[in-house]
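Observations on chain architecture
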Amino acid sequence: MSENEILRRASYGPTSPVVGARGSRTRARVVETALGLFEAQGFHGTSVDDIAKAAGVSRATLYQYFESKEQIFIELLQECGTALMRVVRRIGPLEPTELGFDNLHWWLGEWAWVYDRYSTMFVQWANISSPGTPIPEMASRFLADYHERIARRLTASGVTGIDPVDAAVVLTTLVNAANYTRHVDGAAGPAAGRTAGQGSGPGTGPGGARPAARSTAISTEHLTDGLAVLIQLLLFPQTPPAVFAQLGREIPTPRPPSGGERLWSAPSAAPASASAQPPAPAAPAQPPTPVSSPVAAPRPDDRFAGLSSRAGATVARLLDAGVQCFTEKGYHQCSVDDVVSLAGYARGTFYKYFDEKLDLLVALSDRALGAITELDERLRGIRAATTPAAPAAPDPGDLRDWLDAVATFALRYLGVTRVWLDQQPHHARLDEVRRVMSERLHTGYATVPGGGRWPHPLDPRIASIAFFTVLERLPEALVDATPERPVAQIVDVMAAALDRTRLLTGVSLPVAPDLP
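Values in this document were obtained by computation on a predicted structure and should not be read as measured data.

**Topic: the nonpolar core**
Nonpolar side chains tend to gather and get buried jointly when the protein is soluble and globular. The biggest cluster of nonpolar side chains holds 139 residues, and the ones touching the most others in it are W107, W402 and F467. In terms of residue count, helix α13 (residues 357-384) provides more of this core than any other element does, twelve residues in total. Leaving out residues up to four positions away in the same chain, W402 has contacts with L375, R378, L379, I382, F467, L471 and L504.

Following this line, the structure appears as structure tokens:
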């Protein structure tokens, strides 16, 4: 008998009048245990039996409360969504003033707290949200509502020059990507205190083993400061530089925003004399200088180099079918049968060139990394031509063409990049590519000539994370928000985001008429 055929009594849902105090505690324990196991072993690596055993209940008891592990995940998503909505409702006025920047900074700090509480949900989202799972539709409805609420707030705040819903999508994508990076880099979170058998904290690897934290991991406070600068500019590009000077001041105690009191004001003290001058803002800590040369990519697999033209065409067709299947269904839901069906071949043809589905993924990962390397080199060539030493600037359309190629790549290889983010499955070559992509994420922006100039010192690591987030994660977020959206419109939003945040400067971006 399969899991889905087990006979169950009526479920004790979260609002069931049948379950008592003891049942409520059991239900909460199952949810908390599942959260820890999803964190330690991954969603796909955790079974219902694992959850029941770790929670100290029988399999039958667990099924009294939840029909499947997907339902547990959905309940956790609902908890997380409720917390995010609560924070949105409490945002103070957003505007190009010190008070507006205070309120934005507070919001991002609260958002980071929610992320730490539910970090597993965000980290696992790369694979759980794959097409073919029961979760994306519910999550899509939540995100649409969340973006709409933020958009209404942005409209009321006088944000212009970018569609408010698009601005909300850019904002949420930047914040989630930055917090995800902070999390996997080894920043400690509240889940670090989970009991044995329930995960050992954020960023756990196979079996709950925590990977070594990066020596340059970005603290929550430092990340919030940098994000606040970029997002303030995204919303209000003409914010006066003086607004950002407050970042050096001491924050006494976090507290909700208000219509008048400054969040960054100093603690109360004895009245100062009229001639006393306010203390100068402390200089922000200098972040480590990133490397100035591109990160070396691992040597690609050349096993197909000696194939005949006919065999090479067969492999290319299988690779194309694989990237399509992984993107449409997700790696875990896509089968070898699905791939050969798309390619129009028999299973025997697949196994002539690939050992298993994982082998196909590794080949596609190499292919994706090669395409990224070429795109990075292309950008460096475009940007280098804009330096003062160059005799002439390039055609502004070159950057637009490059952004178009980046967006097209990002959407085509979603199935592969989701696997990179999900950290599963493990394979020596996949793990090496993940390492290379992590280094690029943190330091790659420093290799782009003529980087941005901001009204406040910005950690180059945060600028790099934001830059590559716009390039590689924003296209998917925009399509999720508006399915069937043309690539040209996606590029419009990417260009506006890069321009307004000053992540790309020195080249006039040809933005479409509907984005003044």
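**Concerning the packing of aromatic side chains**
In the structure shown here, the tally under the stated rule is 14 aromatic pairs. Seen in terms of ring centroids, Y445 and F467 are 5.0 Å apart; in terms of plane orientation they differ by 55°. Their pairing is tilted. Residue Y445 is found in the loop between α16 (428-443) and α17 (460-472), and its partner F467 is found in helix α17; the two are separated by 22 residues along the sequence. Classification of Y445 by relative accessible area gives buried; the value is 6%. Here the aromatic cluster, defined as three or more aromatic residues joined through ring pairs, consists of W107, W111, F142 and Y146. Sitting above the plane of the Y118 ring, R117 keeps its charged end 4.9 Å from the centroid.

**Structural notes on helix α7 (residues 136-156)**
The end-to-end C-alpha separation of α7 is 30 Å, in line with the 30 Å expected for 21 residues at 1.5 Å each. Every buried residue of α7 is listed here: P136, M138, A139, Y146, H147, I150, A151 and L154. One or two steps after α7, the chain reaches G158, where phi turns positive at roughly 85°.

**Here's the deal with the pattern of salt bridges**
Within the structure shown, the criterion is met by 19 salt bridges. E432 is the salt-bridge partner of R435, the closest N and O atoms lying 2.8 Å from each other. In this pair, R435 and E432 both sit in helix α16, three residues apart, roughly one turn of the helix. Overall, the relative accessible area of 40% leaves R435 in the partly exposed class. On the basis of relative accessibility, which here comes to 29%, the residue E432 falls in the partly exposed class. Through salt bridges with shared partners, a single ionic network connects D320, R367 and R412.

**Quick word on the side chain of D116**
Mapped onto the fold, D116 is located in helix α5 (residues 98-117). Judged by its relative accessible area of 11%, D116 is buried.

**Concerning the environment of G381**
With respect to the secondary-structure elements, G381 resides in helix α13. Measuring from C-alpha to C-alpha, the distance between G381 and V448 comes to 9.0 Å, with 67 residues separating the pair along the chain.

**A word on the packing of α17 against helix α19 (residues 487-500)**
At their nearest, the axes of α17 and α19 sit 10 Å apart, and the two run at 170° to each other. When the axis of α17 is compared with that of α19, the two are roughly antiparallel. Residues F467, V470 and L471 of α17 touch α19, and the partners they reach there are M494, A497 and L498. Here the residues of the contact of α17 with α19 sort into six nonpolar, no polar and no charged.

**A few points about helix α8 (residues 164-184)**
For α8, spanning 21 residues, the distance from its first C-alpha to its last is 30 Å, which sits close to the expected 30 Å at 1.5 Å a residue. Taken across its 21 residues, α8 has 17 buried, putting it largely inside the fold. A side-chain oxygen of the first residue of α8 lies 3.0 Å from the backbone nitrogen of V165; this N-cap is D163.

**Considering the state of the cysteines**
Note on terminology: a disulfide is the covalent bond linking the sulfur atoms of two cysteines. Enumeration over the complete set of coordinates arrives at one disulfide. Here C325 engages in a disulfide with C334; their sulfurs sit 2.0 Å apart. Its torsion about the S-S bond being 120°, the disulfide of C325 and C334 is classed as right-handed. Just as C325 is buried, C334 falls in that class too.

**What to know about the environment of L104**
Assignment of secondary structure puts L104 in helix α5. Counting along the chain gives 127 residues from L104 to I231, while the straight-line C-alpha distance between them is 8.4 Å. Among all residues touching L104, those that are not within four sequence positions of it are L94, A228, I231 and Q232.

Reading guide: rules and limits
Residues numbered from 1 in each chain as written. Predicted model: local features only at pLDDT ≥ 70, side-chain atom pairs only at ≥ 80, totals over all residues. Heavy atoms only, no water. Core = buried A, V, L, I, M, F, W, Y, C linked by side-chain atoms within 4.5 Å. Buried < 20%, exposed > 50% of the residue type's maximum accessible area, 1.4 Å probe, protein only. Helix = DSSP H or I, 4+ residues; strand = E, 2+ residues; numbered from the N terminus. Contact = heavy atoms within 4.5 Å. Phe/Tyr/Trp six-rings, centres within 6.5 Å; stacked < 30°, edge-to-face > 60°. Lys NZ or Arg CZ within 6 Å of the ring centre and 35° of its normal. Expected span 1.5 Å × (residues − 1). Salt bridge = Lys/Arg side-chain N within 4 Å of Asp/Glu carboxyl O. Axes fitted to C-alpha atoms, helices over the stretch in contact; angles between N-to-C directions. Parallel < 35°, antiparallel > 145°, perpendicular 65-115°, else oblique. Nonpolar A, V, L, I, M, F, W, Y, C, P; charged D, E, K, R; others polar. Polar contact = N/O pair within 3.5 Å; in protein donor to acceptor, adjacent residues only side chain to side chain. Disulfide = S-S within 2.5 Å.

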